[in-house]
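Single-letter residue listing:
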Amino acid sequence: MSFVDWAAAGKVAHRLIQDGPDVSLGEAHAAVEDLRDAAQRARGPVAETARMHSPSSADSPVLIVDRTVWTDINLASTSALLDPVIEQVFAKKQPGPVSRAVSAKVGAAEVGAVFGFVAGKVLGQFDIAPGGTPSLLLVAPNIVATERELAVDPTDFRLWVCLHEETHRVQLTGVPWLREHMIERTRELMLDLVPDPDQLGDRLQQALRALPGMLREGGGGLADLVTTPQQREKMADLTAVMSLLEGHADVIMDDVGPQVVPTVAEIRRKFTARRGGSGGVDRLLRRLLGLDAKMRQYRDGAVFVRAVVDAVGIDGFNQVWTSPQTLPTAREIENPAAWVARVHP
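None of the values given here were measured: they were computed from a predicted structure.

Conventions adopted
- Residues numbered from 1 in each chain as written.
- Predicted model: local features only at pLDDT ≥ 70, side-chain atom pairs only at ≥ 80, totals over all residues.
- Heavy atoms only, no water.
- Phe/Tyr/Trp six-rings, centres within 6.5 Å; stacked < 30°, edge-to-face > 60°.
- Helix = DSSP H or I, 4+ residues; strand = E, 2+ residues; numbered from the N terminus.
- Buried < 20%, exposed > 50% of the residue type's maximum accessible area, 1.4 Å probe, protein only.
- Contact = heavy atoms within 4.5 Å.
- Salt bridge = Lys/Arg side-chain N within 4 Å of Asp/Glu carboxyl O.

**As for the packing of aromatic side chains**
Working step 1: Per the stated rule, a full pass over the model turns up six aromatic pairs.
Working step 2: A ring pair is formed by Trp70 and Phe115, whose centres lie 6.0 Å apart and whose planes are at 50 degrees; its orientation type is tilted. You can see Trp70 sitting in helix α3 (residues 67-89) and its partner Phe115 sitting in helix α4 (residues 97-118), a full 45 residues away along the chain. As far as burial versus exposure is concerned, Trp70 and Phe115 are alike and both buried.

Given below as structure tokens:
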């Protein structure tokens, strides 16, 4: 038995997932085909602008999915990523079967609630699929709902979204070592974050003491409750890599956009306003889950990428993909000149 009942987590998430936009069967089929075409049309311009190799889509297929399928794929990937870590933590000291069963059900409720919320938000994603076949996911109902909400041209918006996600596909399949590096680094961090069974009580007390401040502006949400300063530093360096990936995708999307998306200026303006415009319960949940921090990754990463490109050009920037040692640290994301000085002395 896993320490999270993933099947139960899926059932929880499925119950919480809201219906998508009201579309006819014909409109749904048209949206799927348009997204598939947009993903294909994004490949050439992204590779040319990023000056990176674009691997065959056979190695990382494009999947047009609904919210439920997106959830199921991500639960499978999360299970493949985390279960080996949990088993390693408890290999020497196993909790009793009752304790383990309770933990699995509680974990299922928590994980299912998170995925049930996020399933209605995400437009696209490159799924790294630890141990499986990575794929580019486009969540059709969320894309249709967003383009309607923003009142933008659907064909343009769908291609614009694909430019961002195609950049992630190129990053994580065109750079031979990057996908496995991200998986290994995440597992190493999780292994450090998961407490020894004997430390669990102390960690819970620490969480309770930190609870009043976890919703502060700029905080990391629930992650702040369970990490020491040393662990947060390790998280910051992993987050720096994620900021690089998100910022690079945003920069490439914006650089390609004017060439192939006629209404890109309107889309970017409206979408940027939407990113910062949530309120009430939605903003509370975003802070709890650390999604506000996710939004900062786009901003900080894009600033880093543009500063480095201005200093050493796109080919000089692409030295970032040379090895794990040329990835930026958390401090370098905030100080691009320091990365340039280290990598281009």
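**Some thoughts on the environment of Asn318**
Working step 1: Structurally, Asn318 is set in the loop between α12 (291-317) and α13 (330-334).
Working step 2: With a relative accessible area of 12%, Asn318 lands in the buried category.
Working step 3: Look past the residues within four positions of Asn318 in its chain and what remains in contact with it is Ala50, Arg51 and Met52.

**A few points about the side chain of His181**
Working step 1: Mapped onto the secondary structure, His181 falls in helix α7 (residues 178-193).
Working step 2: Excluding its chain neighbours within four sequence positions, the residues that come into contact with His181 are Pro324 and Leu327.

**Details of the pattern of salt bridges**
Working step 1: In this structure the tally under the stated criterion is eleven salt bridges.
Working step 2: Asp250 serves as the salt-bridge partner of Arg268, at 3.7 Å between the closest nitrogen and oxygen. In this pair, Arg268 sits in helix α10 (residues 264-275) while Asp250 sits in helix α9 (residues 229-260), placing the two residues 18 residues apart along the sequence.
Working step 3: Classification of Asp250 by relative accessible area gives buried; the value is 6%.
Working step 4: Its salt-bridge partner being Lys270, residue Glu266 comes within 2.9 Å of it at the nearest N-O pair.

Shape descriptors only; they carry no functional weight alone.
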